[in-house]
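Listed here are the chains, written in short residue letters.
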Amino acid sequence: MLICPACGCENLEGADACEQCQAPLTELSLPQATTPVERALLHDRIEILKPRPPVCFPPESPIGEVLRRMIAERVGCAAIVDDQQRLLGIFTERDALQRLNVDVDRLRHKPVFSVMTSNPTTLRARDKIAFALHRMNVGGFRHVPIIDDNSRLVGVISIRGILAYLTEQSSIG
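The sections below set out a description of the structure shown in this document.

What counts, and at which threshold
- Residues numbered from 1 in each chain as written.
- Predicted model: local features only at pLDDT ≥ 70, side-chain atom pairs only at ≥ 80, totals over all residues.
- Heavy atoms only, no water.
- Axes fitted to C-alpha atoms, helices over the stretch in contact; angles between N-to-C directions.
- Helix = DSSP H or I, 4+ residues; strand = E, 2+ residues; numbered from the N terminus.
- Parallel < 35°, antiparallel > 145°, perpendicular 65-115°, else oblique.
- Left-handed = near helix turned anticlockwise from the far one by under 90°.
- Contact = heavy atoms within 4.5 Å.
- Nonpolar A, V, L, I, M, F, W, Y, C, P; charged D, E, K, R; others polar.
- Buried < 20%, exposed > 50% of the residue type's maximum accessible area, 1.4 Å probe, protein only.
- Arc of directions from axis to C-beta.

With respect to the packing of helix α5 (residues 129–139) against helix α6 (residues 159–172)
Between α5 and α6, the shortest axis-to-axis distance is 11 Å and the interhelical angle comes to 135°. When the interaxial angle is binned, α5 and α6 end up oblique. For the pair α5 and α6, the sense of crossing is left-handed. Contacts between α5 and α6 pair Ile 129, Ala 132, Leu 133 and Met 136 from the former with Ile 159, Ile 162 and Tyr 165 from the latter. For the contact of α5 with α6, a count of residues per class yields seven nonpolar, no polar and no charged.

Listed below in structure tokens is the structure:
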């Protein structure tokens, strides 16, 4: 953990700015890259991954409808948003397996907000890829919603996208 020198807040290693006061933290924790892939991870920002447009639903949407669209669009998550595109939660394949499982038919008419993950971790397009990878690893999740400075949802990145990026970087280096 990094301790912000300005406010004392604990931040995850690799954060560019303090989550609480936005003071710059880049000088506190600069790991030394030894390979081209490591240099790319520490330098490149999420925006280079071209976050995928989110599949969005209002919280009252039936679970069955959300699942059908996720399957049709071949995505692993759906964003649950309010009418101003602010993220309320996320519904993932893991949520479907753990919270619905064999009861999916019985629960398909229930609103998705009843089984979504509320207040998911989010990142911004300007955050470093290494930071995203760290957050995903620590949190144990495969998708991260990307928000803008007005907290509106603008995209989603996945571990699959990061792995594709890493594969490309290793073939360049």
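Examining α5
Listed in full, the buried residues belonging to α5 are Ile 129, Phe 131, Ala 132, Arg 135 and Met 136. All buried residues of α5 project into a common sector of 160° when viewed along the axis, lining one side. Exposed residues pointing more than 90 degrees away from the buried face of α5 are listed as Asn 137 and Val 138. Against α1 (36–43), β7 (123–124), β8 (143–147), β9 (153–158) and α6 lie the buried residues of α5. At the C-terminal side of α5, Gly 140 shows a positive phi close to 70°.

With respect to the environment of Phe 91
Mapped onto the elements of the fold, Phe 91 is located in strand β5 (residues 87–92). We classify Phe 91 as buried; its relative accessible area is 0%. On a C-alpha basis, the gap between Phe 91 and Thr 117 in space is 6.1 Å, while along the polypeptide they are 26 residues apart.

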